[in-house]
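Coordinates in review
Each chain is listed here by its residues.
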Amino acid sequence: MRPEMREGYEGTGPGAITPDGCAVEFYSRLPVGDEPDVISAAVPAGAHILELGSGVGRVTHALLERGFTVTAVDESADMLERVRGARTICSPVEDLDLGETFDVVMLASFLVHNADIELRRRMLRACARHLVKGGCVLIQREGENYHSDLPRERIDPSGFTVRIVSAGPVQNGVHSVRAEYEFPDAVWTQTFRSRPLTKHQFEEALKEAGLRVDRYLTEDRIWVRAVPGEE
Ligand SMILES: C[S@@+](CC[C@H](N)C(=O)[O-])C[C@H]1O[C@@H](n2cnc3c(N)ncnc32)[C@H](O)[C@@H]1O
């Protein structure tokens, strides 16, 4: 059975659309960026990575090529169908309880900015409970100007345009963001909810889940390495 769309989320364009409005075909076309470099530099070689919200495996496949083992989790079976070479698990991140631990748990793609505070708590707790002793959680946050300087546009060298059209308040502390992805032969749009978090709010959210920042991995503080609080 196909999962329902999440409230406040919408996607348009060819092919399957996930409950959070992501287009499977768009993510299949999107090239991987510097994510594998950032991740490889922060974790031990050959680590077993639990990747939460893996999508079609854009980053998964690059990590497998670098010798990591990856278990890929996503709530969309349409996305997971495209993952090759990794074990896949179809589940909402917030409900995941595998009874196993991993060297690294990855929560990328701004999932930590979920509008629903309780849902965010459950996601971060899921990260913490799947972590082996001595392991780490890698989180990708939004950049500082993500919700300002709009509309903003980036032309990808591979020939498509990403446009963040608008990000406006819809309820207490939550924005509705609209993105467009324009290729010569197709256009996809996504409307989604995001709760911007200051550095302080982000660190407090980690603390609630028994985690703390070990270090920010990139100068813009988008990528974070977190560890259990008592370490
Ligand atoms: C923006 S896409 C990014 C996919 C992949 N991380 C990438 O960078 O190519 C977000 C993915 O997270 C999944 N997702 C969003 N919320 C989720 C949740 N609560 N539980 C499981 N998967 C979720 C979506 O189905 C989608 O595949």
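Look above for the structure.
Here is a short report on the structure shown in this document. No experiment lies behind these values; they were computed from the predicted model shown. (Residues numbered from 1 in each chain as written. Predicted model: local features only at pLDDT ≥ 70, side-chain atom pairs only at ≥ 80, totals over all residues. Heavy atoms only, no water.)

**A few points about the overall build of the protein**
Each helix and strand in the protein was counted, giving 6 helices and 12 strands. A compact globule built from 231 residues should have a C-alpha radius of gyration of about 17 Å, and the protein, at 17 Å, falls within 12% of that. Along the first, second and third principal axes, the C-alpha set of the protein runs to 45 × 40 × 35 Å. Expressed as a percentage of its 231 residues, the buried residues of the protein come to 49%. Summarising the internal contacts of the protein: among those between residues at least 6 apart in sequence, 53% fall at separations of at least 24. Of the roughly 11000 Å² that the protein leaves accessible, carbon and sulfur atoms contribute 48%. Between the averaged position of the 27 positive side-chain charges in the protein and that of its 37 negative side-chain charges there is a distance of 3 Å. (Helix = DSSP H or I, 4+ residues; strand = E, 2+ residues; numbered from the N terminus. Rg over C-alpha atoms; globule rule 2.2 N^0.38 Å. Buried < 20%, exposed > 50% of the residue type's maximum accessible area, 1.4 Å probe, protein only. Contact = heavy atoms within 4.5 Å. Areas by Shrake-Rupley, 256 points an atom, 1.4 Å probe, with all protein chains shown as cover. Lys, Arg positive; Asp, Glu negative; His and termini not counted. Charge placed at Lys NZ, Arg CZ, Asp CG, Glu CD.)

**Focus on the side chain of threonine 71**
With respect to the helices and strands, threonine 71 occurs in strand S3 (residues 69-74). The class for threonine 71 is buried, based on a relative accessible area of 1%.

**Quick notes on the site of the ligand**
Around the ligand lies a shell of 20 residues, among which Gly53, Arg58, Asp74, Val93 and Ser109 are the nearest. A distance of 2.8 Å separates a nitrogen atom of the ligand from a polar backbone atom of glycine 53. Residue arginine 58 places a side-chain N or O atom 2.8 Å away from an oxygen atom belonging to the ligand. Taken together, the residues of the shell around the ligand break down into 7 nonpolar, 7 polar and 6 charged. (Near = heavy atom within 4 Å. Polar contact = N/O pair within 3.5 Å; in protein donor to acceptor, adjacent residues only side chain to side chain. Nonpolar A, V, L, I, M, F, W, Y, C, P; charged D, E, K, R; others polar.)

**Section: the sheet that holds strand S10 (residues 187-194)**
Hydrogen bonds between backbone atoms are what pair the strands of a sheet, whose relative direction is either parallel or antiparallel. With respect to topology, 5 strands assemble into an open sheet ordered S1-S10-S9-S8-S7, the strand pairing being antiparallel. Among the strands making up the open sheet, the edge pair consists of strand S1 (10-12) and strand S7 (152-156). Each strand axis lies, on average, 15° off the axis of its neighbour in the sheet, ignoring direction. (Pairing = 2+ DSSP bridges. Axes fitted to C-alpha atoms, helices over the stretch in contact; angles between N-to-C directions.)

**Considerations on unusual backbone geometry**
The linkage connecting leucine 150 with the following residue, proline 151, adopts the cis geometry, with an omega of -5°. Along the polypeptide, proline 151 turns up in the loop between strand S6 (131-140) and S7. We note that serine 109 has phi near 55°; this positive angle belongs to a residue other than glycine. Note that serine 109 resides in the loop between strand S5 (102-107) and helix H5 (117-129). Unlike most non-glycine residues, phenylalanine 110 shows phi in positive territory, near 60°. Tracing the backbone through its elements, the reader meets phenylalanine 110 in the loop between S5 and H5.

**Examining the pairing of strand S9 (residues 174-182)**
Bridge analysis of strand S8 (residues 160-171) against S9 gives 9 bridges, and the strand direction is antiparallel. Along S9, the bridge assignment pairs serine 166 with arginine 178. Between S8 and S9, which follow one another and run antiparallel, lie 2 residues, and glycine 173 among them has a positive phi close to 75°. Looking at chain direction, S9 and S10 are connected through 8 bridges and run antiparallel. Bridging from a neighbouring strand, tyrosine 181 pairs with tryptophan 188 of S10. Between S9 and S10, which pair antiparallel and follow one another directly, the connecting turn spans 4 residues.

**Quick notes on the pattern of salt bridges**
Inspection of every chain in the model, using the stated rule, returns 21 salt bridges. Residue arginine 58 pairs with glutamate 35 through a salt bridge whose shortest N-O separation is 2.8 Å. Of this pair, arginine 58 sits in helix H3 (residues 58-65) while glutamate 35 sits in helix H2 (residues 35-42); the two residues are 23 residues apart in sequence, bridging distant segments of the chain. When the shortest N-O distance is used, the salt bridge between arginine 129 and aspartate 97 registers 3.8 Å. One end of the pair, arginine 129, is in helix H5; the other, aspartate 97, is in the loop between strand S4 (87-90) and S5, and 32 residues separate them in sequence. Overall, the relative accessible area of 35% leaves arginine 129 in the partly exposed class. Each member of the salt-bridge network shares a partner with another, and the members are Glu153, Arg163, Arg178, Glu180 and Glu182. (Salt bridge = Lys/Arg side-chain N within 4 Å of Asp/Glu carboxyl O.)

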